[in-house]
Amino acid sequence: MLPNECKGIWTIGEVRNGEINPVSYELLAWGRKLADKLEIELSSIILGNGIKEELTELFHFGADVVYAVDHAKLEHFLPDVHARIYEALVKEYKPEIIIASATTYGRTVMPILAAKLGTGLTADCTELDVDVRERILLQTRPAIGGNVMATIKTPAHRPQMSTVRPRAKKPLTIDNSRNGKIILKSYPPEFYKSKYRWISFEKDESVASPIQESDVIVAGGKGMKDGGNFKMLYDLAKKLNGAVGASRAAVDMGWIPYSHQVGLSGKTLSPRFYMAVGISGAVQHIAGMSSSEVVVAINKDPDAAIFKVSDFGIVGDALEILPVLIKKLSNEVNENG
Ligand SMILES: Cc1cc2nc3c(=O)[nH]c(=O)nc-3n(C[C@H](O)[C@H](O)[C@H](O)COP(=O)(O)OP(=O)(O)OC[C@H]3O[C@@H](n4cnc5c(N)ncnc54)[C@H](O)[C@@H]3O)c2cc1C
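Residues numbered from 1 in each chain as written. Predicted model: local features only at pLDDT ≥ 70, side-chain atom pairs only at ≥ 80, totals over all residues.

A. Summary view of the site of the ligand. Taken together, 30 residues are adjacent to the ligand, and G146, G221, G223, S247 and G263 come closest. Top contributing element to the shell around the ligand by residue count: helix α6 (residues 248-252), with three residues. For the shell around the ligand, the class distribution of residues is 10 nonpolar, 15 polar and five charged. (Near = placed C-beta within 6 Å. Helix = DSSP H or I, 4+ residues; strand = E, 2+ residues; numbered from the N terminus. Nonpolar A, V, L, I, M, F, W, Y, C, P; charged D, E, K, R; others polar.)

B. Just the sheet that holds strand β4 (residues 42-48), in detail. The strand order β7-β11-β6-β1-β4-β5-β12 describes an open sheet built from seven strands, whose pairing is parallel. One side of each edge strand has no neighbouring strand; the edge strands of this open sheet are β7 (121-125) and β12 (181-184). For this sheet, the mean inter-axis angle between neighbouring strands, taken without regard to orientation, is 20°. Judged from the four bridges that link them, strand β5 (residues 65-70) and β12 form a sheet pairing that is parallel. Counted as the bridge partner of V66 is I182 from β12. Across the face of the sheet, helix α3 (residues 79-93) comes into contact with β4 and β5 while running at roughly 145° to β4. (Pairing = 2+ DSSP bridges. Axes fitted to C-alpha atoms, helices over the stretch in contact; angles between N-to-C directions. Contact = placed C-beta atoms within 7 Å.)

C. A look at the environment of S214. You can see S214 is positioned in the loop between β12 and β13 (216-220). With 60 residues separating them in the primary sequence, S214 and T154 have C-alpha atoms 36 Å apart. Once you skip the residues sitting within four places of it in the chain, S214 turns out to touch G242, A243 and P271.

Just distances and angles here, no functional claims.
Here you go:
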């Protein structure tokens, strides 16, 4: 499709276990910023079974329009069926930008869709912006082994398609007064034929980690000096009702399992509070925590890059500071019962 034929921003919503998955709302936060800049409509596209009741939630989180396909055959994710429906929708309504989450769903269906539409796809973006004059999506992601951040454009083809890391952005504040237009689509039976057969869903517990569920993260890096010192991080995290994260260097040292790694090749988080202890602040680490609400860093090097993304910084030896913090918090708990 050509640039001048297309208008509007679409986000690809996800349904899990019959419910709209929160990544759908995160995507609307990404899309809203771009749609406001371009002064165009933001839509959420959602495929599932028995989803009609929940669709208005998408307006409360920023959508102007919802395109939905509600069909029993969409109960489970079959990539060829979903891609076929998206292709039909895109060819009919011609959006200029499509954003999906870099979840297993997005990583599977978006490349198929890009190939079907003959357009580009930038995977795993950490930032999106638009050149308003040229109407070009600026898709930023780490490149060359994570050593540089590259901004990629799709100047000649439409739609411009990206996936963004889940949890890299928080959903917008819910606004129950927002409303919009629902377009319910249906397709003939041959659209639902698949070469795949859904057997079952099995969660990969090895990659599950409490850090993705927690609003408070206390993360340690190589500056912790030894795996045994991580006990202090667990103690502090417990006092703060949080979980323990880590830099890749700490994981590589075998001090903590990979499921706790934060960053480019680990988890992306946006907790309310992130404490980086003995972490230098390499770009690959920051890619996983930069959207935290409040960042506190403890580092003995006053010039450490982590201080550039911190709201509060403590310059000093973490191994001396952590016991003081833990003791102070214990005293407060005792005093306040
Ligand atoms: C493709 C690729 C992907 C990557 N993915 C990730 C990723 O997902 N996550 C990630 O974290 N990294 C990742 N990295 C690695 C990244 O580049 C850094 O090497 C890593 O983040 C460094 O970890 P660190 O900050 O713990 O260690 P260092 O860089 O060694 O920093 C240690 C810090 O501790 C401080 N320190 C030392 N002693 C003390 C003390 N007693 N008290 C207080 N502070 C002290 C030092 O001043 C220093 O700032 C990736 C790299 C590549 C190339």
